[in-house]
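Survey of secondary and tertiary structure
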Amino acid sequence: LLAVLLLLLAACGGPGAAGQRRKEMVLSEKVNQLMEWASKRSVIRMNGDKFRRLVKAPPRNYSVIVMFTALQPHRQCVVCKQADEEYQILANSWRYSSAFTNKIFFAMVDFDEGSDVFQMLNMNSAPTFINFPAKGKPKRGDTYELQVRGFAAEQLARWVADRTDIHIRVIRPPNYAGPLMLGLLLAVIGGLVYLRGSNLDFLYNKTGWAFAALCFVLAMTSGQMWNHIRGPPYAHKNPHTGQVNYIHGSSQAQFVAETHIVLLFNGGVTLGMVLLHEAATSDMDVGKRKIMCIAGIGLVVLFFSWLLSVFRSKYHGYPYRYV
């Protein structure tokens, strides 16, 4: 009898083989389902049930990049909307590339559709990007450092390549704003040349060129180029307290609002310097020159003090202050 049972088990492949076939069937169903959804939408929207079944539960031979966000208008998460636009660009670049495979999928869990997932992962901020690898649980590096790297699609693609060895070439939709602005500028210059005829003295106006150069310097020193490269969020809103932070607490990153604040402060210091120069060199009466001098000193002291305050908030322990 024992020999007969052994023969039957061998013929059926044994319980291990049956379990393996069952796992393969479940895995095939999950991959087919994800591929079907991905064919309709590059970023798969998930609720709690879909997340637990397709992302958390084994078996899985694919990675899933999940953005946890809060896009509903009443959440007032401006950063979530900006990050979602970049995330959609990244997912579309992968979905419509010739290298597209079923080894990685892009998904999204909105707080209002999957608050239980946020609670399960002890997540208290949005947006957050996490890579769920094909094998094992997410490690520390599988959580994207949004505050440091920003949410530009190119930065996300580099992080995905680091975690999954899948390289995605980001393809952005055409943006005609730059060429239109250039054409408008050329049209204005051409119109001025046409209207002024041979009188081109305005091109040699030192004040105009100095003002243009000053605007460029203020924009660059405030960090506008860094924003263009990194694509940081405008500000950060704490989902629990509702407090909005406009200054990043680290010296390794910044918010867009922070660059605007720094630009304003630099502009205030510059205006104060200009007033001090005019007070010292102009031919106005003494009374007006004194007023300009006092106003210039006040602007320099006030705005430079605020600049030092911003610096101290980012470089903790910085010992100097003005007022």
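Residues numbered from 1 in each chain as written. Predicted model: local features only at pLDDT ≥ 70, side-chain atom pairs only at ≥ 80, totals over all residues. Heavy atoms only, no water.

A word on empty space enclosed by the protein
Note the threshold: Cavity means a closed set of points on a 1 Å grid over the protein atoms alone, one where a 1.4 Å probe fits but cannot get out, pocket means an open set with protein on both sides within 12 Å along at least 5 of 7 lines, and lining means a residue has an atom within 4 Å of a point. Grid points are joined across faces, edges and corners, and a volume is the space filled by probe spheres set on the points. A run of DSSP states H or I qualifies as a helix once it reaches four residues; a run of E qualifies as a strand once it reaches two. Both are numbered from the N-terminal end.
For the structure on display, the rule yields 1 cavity of 30 Å³ or more. In this structure, the largest cavity spans a volume of roughly 40 Å³. Taken together, A38, S42, A91, W94, R95, F100, I104, F105 and F106 make up the lining of the largest cavity. At the level of elements, α4 (78–95) and β3 (104–110) are the ones that each hand at least two residues to the lining of the largest cavity.

Focus: helix α9 (residues 206–222)
Selection criterion: Here the expected span of a helix is defined as 1.5 Å times the quantity of residues minus one.
The first and last C-alpha atoms of α9 sit 24 Å apart over 17 residues, in line with the 24 Å expected at 1.5 Å per residue. Of the residues flanking the end of α9, it is G223, one or two places downstream, whose phi is positive at about 105 degrees.

Quick look at the environment of E85
Tracing the sequence through the fold places E85 in helix α4. Separated by 67 residues in the primary sequence, E85 and A152 have C-alpha atoms spaced 9.1 Å apart.

A few points about the UniProt feature "transmembrane region" (unreviewed entry) in the protein chain
Let me state the cut-off plainly: UniProt positions are given in the numbering used here, feature names are shortened, and annotations may be inferred rather than shown by experiment.
According to UniProt, the feature "transmembrane region" (unreviewed entry) maps to residues 176–195, 207–226, 261–279 and 291–311 in the numbering used here. Taken as a whole, residues 261–279 contains 100% helix and 0% strand, while its terminal C-alpha atoms sit 27 Å from one another. Between the end C-alpha atoms of residues 291–311 the distance is 30 Å, and the span holds 100% helix and 0% strand.

What to know about the packing of aromatic side chains
Stated precisely, the cut-off is as follows: We call Phe, Tyr and Trp rings a pair once their centres come within 6.5 Å, taking the six-membered ring for Trp, and we label the pair stacked below 30 degrees between planes, edge-to-face above 60, and tilted otherwise. Relative accessibility thresholds used throughout: buried, under 20% of the residue-type maximum; exposed, over 50%; partly exposed, between the two (1.4 Å probe, protein chains only).
For the structure on display, the rule yields 14 aromatic pairs. For the pair F265 and F303, a centre-to-centre distance of 6.0 Å together with 55 degrees between the ring planes defines the contact as tilted. Taken together, the positions of F265 in helix α11 (residues 256–281) and F303 in helix α12 (residues 286–314) put the pair 38 residues apart, joining distant regions of the chain. Given a relative accessible area of 14%, F303 falls into the buried group.

A look at the sheet that holds strand β1 (residues 43–45)
Quick reminder of the rule: When DSSP locates at least two bridges between a pair of strands, those strands are taken to pair. Each axis is a line fitted through C-alpha atoms, and for a helix only the stretch in contact is used; angles between axes span 0 to 180 degrees, taken between their N-to-C directions. Whether two residues are in contact is decided by their heavy atoms: any pair within 4.5 Å suffices.
With mixed pairing, the 4 strands of this open sheet are ordered in space as β1-β3-β2-β4. Single-partner strands in this sheet number two, and they are β1 and β4 (128–132). Taken pair by pair, the neighbouring strands of this sheet meet at an average axis angle of 30 degrees, ignoring direction. Across 7 bridges, the pairing between strand β2 (residues 63–69) and β3 is parallel. What sits directly across from T69, in β3, is D110. Contacting β2, β3 and β4, helix α7 (residues 153–164) runs over the sheet at an angle of about 25 degrees to β4.

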